[in-house]
Amino acid sequence: MNFSNVRLILAREIRDQLRDRRTLFMIAVLPILLYPLLGMSLLQVSQFMQEQKTRVLVVGEPRLTGFPPLFEGNRFVEGGPSQLLEVRFAPDEPELHDAADPRAEADRLVRAGRYDAAVFFPPDFATRLGEFRATLHASARSTAVATPQSNGSAKVRPLGIPSPEIICNTANDKSQIAFVRLHGILGRWMERIGEDNLAKSGLPVVAARPFLVHCNDVSDVEHREASMWAKILPILLLIWALTGAFYPAVDLCAGEKERGTLETLLCSPAGRNEIAVGKLAAIMLFSIATVVLNLASVGITGWFVAAKLPGFGLPPMAALAAVCVALAPISALFSALCLALAAFARSTKEGQYYLMPLLLITMPLVVLPMSPGVELNLGNSLIPVTGIVLLLRAVLEGHWWHAMQYAPAVTLVTLFACLLSIRWAIEQFNSESVLFRASERWSVRLWLRRLFLDRPRTPTFAAAVGCGLVILLINFFLSLSHGMPAGFGDFARMVLIVQIGAIVAPTVVMALLLTRSPGKSLGLTRPAKWSAVPAAMLLAAALHPMASLLQRLVQQLYPVSDSVLPAFQKLQKMFHDADVWPLLLLIAVVPAICEELAFRGFILSGFRRSSRVWRAIFFSAILFGVTHGILQQSLIASVLGVLLGWLAVQSGSILPGIAFHMVHNGLLTINGRIVLGDIPLLRRLIAPIEGGGVTFEWPAVAIGALLALLTMMWFARLSDDRSSDVVTGKKNALPRSEPREIASLPSEAVACAAIVER
Amino acid sequence: MIQVHELTKSYSDVRRGQFVALDSVSFQARSGQVYGLLGPNGAGKTTALRILSTILRPTGGTALVNGYDVCTQPDQVRRSIGFVSANTAVYDRMTGWEMVEYFGRLHGLPRDLLADRMERLFAQLKMSDVRDRLGAKMSTGMKQKVSIARAVVHDPPVLIFDEATAGLDVLVARALLNTVAELRDQGKCIVFSTHILREAERLCDRIAIIDRGRILAEGTLEQLRDEHHENDLEELFFQLITRHDQECLETAAVGECAE
């Protein structure tokens, strides 16, 4: 790579963007104006909210003689919010004068918005409260002359006092505010009556509150302030890093395409990698600048405005330094993603359409870590973006040691994600179909014509994606319609409906309608060697100890939540009690056939038309994983999907994959039923676990891994032995226009089956 | 200087399915010669020129530019060419001087040499009015001048003009054609695509008439006239294109036509 060209391109792009008023506005002007304006608005709005008066109607007679007063004139006695309540009593309300049912009328008036809330005192409320007090006094007097063992309270009849009622409309914000104010006032009035009752009964007030609970906040001011920033800064950082990258990316790629300047640049001596890297560096710089200016503006606004609020101060300097360190990889990641998307867009307008999907994908990764229950652990630190957010939060809250423990994992994942996205962006610049994507007029007629009449031999990329989406959608709705299976028969029905109805049926229909060679599209071809089938079975058996280890690892990283656990245990018990052969048929045989036909058959062969072999395998595996629906299952299924995809590519058929899948699922199914004898050698390799089943000792894992390695080496050589009409697994072995059809293994579609595999 | 042999390029799109934009095209262009590619819209001219300038990769055949293969030696090819397209491809937020300097530096010209050459070029093309003017504020004629200056600043032996006169008024178009003629006289090898037959007649030493990705006729203007017994180039062009279109329609049913 010629870095002189990269520097030239970088300098030009920076100069170009700095002359663009829209970019300057987004990067420099908006942050400077936005936060002070937001701060001022916030203060104004909060002031407005605080001063907002609410109208309250009081129905019934709450003026009780001998009790602490609730009203003073036309106001509540309580201070504070009572000043903000405009009280009107029922006699002053003309519409209540002749009302047969005052409560119903009050209800109507609140519903109509005449009042924000109403308080209804039942007719006998005062009488019953007075009676209660009299009973209480009598009880207190009798207790004074009774033996110490007697229980005076037993004679008190506290029940039967009708409750005053607050009538409000929670669909109305003002009514909600009125409710909160009234609830507080009436609660405090009730407490005063209670205290008065105690005093009149000769008991000290402390009898009702023998002790108070004190809060001992161990945090110092600095940490309390930091915790506020810990919630704000990561989100700001990520949102602005993305926004700051997006607009320059669209202008520098889609804009250049639109203006025709990209073509000129492409035939200059600057290589495409140099162009991509130069643009990426420029976008990154603008992303970083946007974040820095936003943070500075937030800081200054906070200094003048927010720092006056309690519990809100300036963030610690060390934490700010950590934010700056995190800024570079985050900006690199988002800049590369934006660059790749912008390179794909044909115009700036189209490019801007891509912002919302990108935000929708990114936001959950940013916002979810802000939930109190989500903590920095190994599992979460392995999730791109989320790991960074959690790490930053830990650093900002001052948990340095905890953060440092997971910093390597977060760094590795982030760097890996950065490299992948940068590579994707560079590949976009090397792809003619991306750079010179024509604006084709799309019509249903042409599309249907091509779809059915000009059918390709094997599925297109779009057909493969469509098939995956159809499977996902049907699976989703089926999972909503199904509850927990009541018995094994119900479970069997569920598995068959999902596997046949949701996975294999749409796949076969699409293969028949959209391709000229359904057999090849589904991967139902002769494998390179028939011995690949038993070899795949051997591979599954050899990998079984490692698969068990992987499952345990995933469960440790992402434990199943306690709320779901009982359902899983119930299922496991059901499987344990079921006959083994029907169980194997449902969990090993049916999913192996159905899922392989869909994922390694139709979908993988479709992906291979437009992607390189490993990318096609990877995406089909991701889709296979996503179909499982349960995070733990999805991770394992994705790993399994990569291996199954590779087997399909190497052997040129889905049959070895079906065999592998069958053995893999079968072994996991019967694991809980294995009973170890007293064979010493076996005891060294396999150990029983509590609650049934076995686990594998390290020697067994090592032996299995060695055997698996040898088998995979055999598979790796398989493509060389294949005849020329069978597609090889090697990159670019086939022309892209007509890649070899590879069968795919089905993804785990049934949640129950997935649970069993787990 | 340019040798194209059996050059093929196919695409796939929703409307046309698998579409052959160039079907085994072969021609040669020499130094000091303007080679004209004539064809209607969508004939494959731009595709051919994009392949020659290494923007696109061919799906078949070979193309040598200044002795370098467009597939295996794209860097050398790019250093040997200057490319002027129909859309002037001028950066809105750069001045004329900055733009030419940018491309000169991408071509690795030393600063002193570049400044000297740019001064001469700006004087020669009468570009003093665009020197400090931003691209967004230039007229089409000004933009085309900048585009030419940018293409020739590194003094390439091969120049590619892709419908460079499209959208220009008569005066600017005439000036551009004069510039092309001057460049030819300097010994450059020029490929000039157009669908304006008068330009081709006036400027091109050799002409290839191209339609639907195929070269229908090729030679000097005199050779074409003699071969097809038609003195009027426009009539000759019309006959060739109409006949080829008819053949394609007839053979489309059996799938033999390029399209």
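Residues numbered from 1 in each chain as written. Chains lettered and ligands numbered in written order. Predicted model: local features only at pLDDT ≥ 70, side-chain atom pairs only at ≥ 80, totals over all residues.

Peer 1: Looking at this structure, I do not really get the overall build of chain B. What am I missing?
Peer 2: Helix and strand content of chain B: 9 helices and 10 strands. Since a compact globule built from 259 residues should have a radius of gyration of about 18 Å, the 19 Å found for chain B is in line with a globular shape. When its C-alpha atoms are laid out on the principal axes, chain B stretches across 60 × 40 × 35 Å. The burial tally for chain B puts 46% of its 259 residues in the buried class. Taking as baseline every contact in chain B between residues at least 6 positions apart, the subset at least 24 positions apart corresponds to 68%. (Helix = DSSP H or I, 4+ residues; strand = E, 2+ residues; numbered from the N terminus. Rg over C-alpha atoms; globule rule 2.2 N^0.38 Å. Buried ≥ 20, exposed ≤ 12 C-beta atoms within 10 Å, placed from the backbone. Contact = placed C-beta atoms within 7 Å.)

Peer 1: Help me out: how do you make sense of the overall build of chain A in this one?
Peer 2: Across its full length, chain A holds 28 helices and 8 strands. Classification of the 758 residues of chain A by burial places 39% in the buried group. Long-range contacts, defined here as pairs at least 24 residues apart, represent 78% of the contacts in chain A between residues at least 6 apart.

Peer 1: How should I be thinking about the sheet that holds strand 4 (residues 85-89) of chain A in this particular structure?
Peer 2: In a beta sheet, neighbouring strands are held together by backbone hydrogen bonds and run either parallel or antiparallel to one another. Residue and element names in this part refer to chain A. Here we have 4 strands laid out as an open sheet, ordered 4-1-5-6, and mixed in their pairing. Two strands lie at the open edges of the sheet, namely strand 4 and strand 6 (165-168), each paired on one side alone. With strand direction ignored, the average angle separating the axes of adjacent strands in the sheet is 25°. Where strand 1 (residues 54-59) lies against strand 5 (residues 117-120), 4 bridges are found, and the strand directions are parallel. Bridging from a neighbouring strand, Val56 pairs with Ala117 of strand 5. The strands touched by helix 3 (residues 102-111) are strand 1, strand 5 and strand 6; relative to strand 5, the strand with the most contacts, the crossing angle is about 165°. Across the sheet, helix 5 (residues 173-200) touches strand 1, strand 4, strand 5 and strand 6, and the angle it forms with strand 6 is around 165°. (Pairing = 2+ DSSP bridges. Axes fitted to C-alpha atoms, helices over the stretch in contact; angles between N-to-C directions.)

Peer 1: Whenever I open this one, the pairing of strand 7 (residues 158-162) of chain B confuses me. Can you help?
Peer 2: The side chains of a regular strand alternate, first on one face of the sheet and then on the other. Residue and element names in this part refer to chain B. Burial analysis of strand 7 places 5 of its 5 residues in the buried class, which makes it a mostly covered element. With burial as the criterion, each face of strand 7 is covered, one bearing Val158, Ile160 and Asp162 and the other bearing Leu159 and Phe161. Sheet analysis places strand 6 (residues 81-84) next to strand 7, joined by 4 bridges and oriented parallel. Each residue of the ladder has a partner; that of Gly82, found in strand 7, is Leu159. Judged from the 5 bridges that link them, strand 7 and strand 8 (residues 189-194) form a sheet pairing that is parallel. Within the sheet, the bridge partner assigned to Ile160 lies in strand 8 and is Val191. With helix 6 (residues 170-185) bridging strand 7 and its parallel neighbour strand 8, the resulting β-α-β unit is right-handed. (Right-handed = clockwise from strand over helix to strand, strands pointing away.)

Peer 1: Any chance you could explain unusual backbone geometry here in plain terms?
Peer 2: Among all residues save glycine, negative phi is the norm, and among peptide bonds the norm is trans. With a phi close to 50°, B:Ser24 is a non-glycine residue in the positive phi region. Checked against the element boundaries, B:Ser24 lands in strand 2 (residues 17-29).

Peer 1: Would you mind going over the confidence of the model for chain B with me for this structure?
Peer 2: Interpretation of this model should avoid reading the predicted coordinates in detail wherever pLDDT is low. Residue and element names in this part refer to chain B. Mean pLDDT for chain B: 86, with 94% of residues reaching 70 or above. In the model of chain B, helix 9 (residues 233-252) stands out as the element of lowest mean pLDDT, 81, in contrast to helix 3 (residues 96-106), which has the highest, 93. With pTM at 0.71, the complex prediction returns an ipTM value of 0.89. (pLDDT = per-residue confidence, 0-100.)

Peer 1: Sorry if this is basic, but what is going on with the environment of A:Val6 here?
Peer 2: Residues and elements named next belong to chain A. Here Val6 lies in helix 1 (residues 3-18). Expressed as a C-alpha distance, the spacing of Val6 and Ile275, which sit 269 residues apart in the sequence, is 6.6 Å. The residues contacting Val6, other than those within four sequence positions of it, are Met1, Glu274, Val277 and Gly278.

Peer 1: Would you explain the sheet that holds strand 10 (residues 214-219) of chain B in this entry?
Peer 2: Residue and element names in this part refer to chain B. Judged by pairing direction, the sheet is mixed, and its 6 strands sit side by side in the order 6-7-8-3-9-10 without closing on themselves. The sheet is open, and its two edges are formed by strand 6 and strand 10, each paired on a single side. Between one strand and the next, the sheet's axes are offset by a mean angle of 15°, whatever the strand orientation. Running at roughly 155° to strand 8, helix 6 makes contact with strand 3 (33-38), strand 7 and strand 8 of the sheet.

Peer 1: Help me understand the environment of A:His183 in this model?
Peer 2: Residue and element names in this part refer to chain A. Looking at the element boundaries, His183 is found in helix 5. C-beta crowding within 10 Å serves as the criterion here: with 13 such atoms nearby, His183 is assigned to the partly exposed category. As for His183 and Glu165, which are separated by 18 residues in sequence, their C-alpha atoms are 9.7 Å apart.

Peer 1: Honestly, the environment of A:Ile503 in this entry has me stumped. Any pointers?
Peer 2: Of note, A:Ile503 is situated in helix 18 (residues 488-514). Each C-alpha atom, one on A:Ile503 and one on A:Asn475, is 8.1 Å from the other, the two residues being 28 residues apart in sequence.

Peer 1: What is the right way to look at the pairing of strand 10 of chain B in this model?
Peer 2: All names here are of chain B. The pairing of strand 9 (residues 206-211) with strand 10 spans 5 bridges and is antiparallel. Paired with Ile207 across the two strands is Gly219, which belongs to strand 10. Here strand 9 folds back onto strand 10 in antiparallel fashion, the turn holding 2 residues, of which Arg212 has a positive phi close to 50°.

Peer 1: What exactly am I supposed to notice about the packing of helix 22 (residues 580-610) of chain A against helix 25 (residues 655-670) of chain A here?
Peer 2: Helix packing for two helices is described by the angle between their axes and how far apart those axes are. All names here are of chain A. Between helix 22 and helix 25, the shortest axis-to-axis distance is 8 Å and the interhelical angle comes to 145°. Two packed elements cross with a definite hand, and for helix 22 against helix 25 that hand is right-handed. In this structure, helix 22 contributes Val580, Leu583, Leu584, Ile587, Ala588, Val589, Pro591, Ala592, Ile593, Glu595, Glu596 and Arg600 to the contact, and helix 25 contributes Gly657, Ile658, His661, Met662, Asn665, Gly666, Thr669 and Ile670. In terms of residue class, the contact of helix 22 with helix 25 is made up of 12 nonpolar, 5 polar and 3 charged. (Left-handed = near helix turned anticlockwise from the far one by under 90°. Nonpolar A, V, L, I, M, F, W, Y, C, P; charged D, E, K, R; others polar.)

Peer 1: Teacher, can you tell me more about the packing of helix 17 (residues 461-481) of chain A against helix 22 of chain A here?
Peer 2: Residue and element names in this part refer to chain A. The contact between helix 17 and helix 22 brings their axes to 7 Å, and the two run at 145°. Remark: the crossing between helix 17 and helix 22 carries left-handed chirality. Seen from helix 17, the contacting residues are Phe461, Ala463, Ala464, Cys467, Gly468 and Ile471; seen from helix 22, they are Ala598, Phe602, Ile603, Gly606, Phe607, Arg609 and Ser610. When grouped by side-chain class, the residues that make up the contact of helix 17 with helix 22 number 9 nonpolar, 3 polar and 1 charged.

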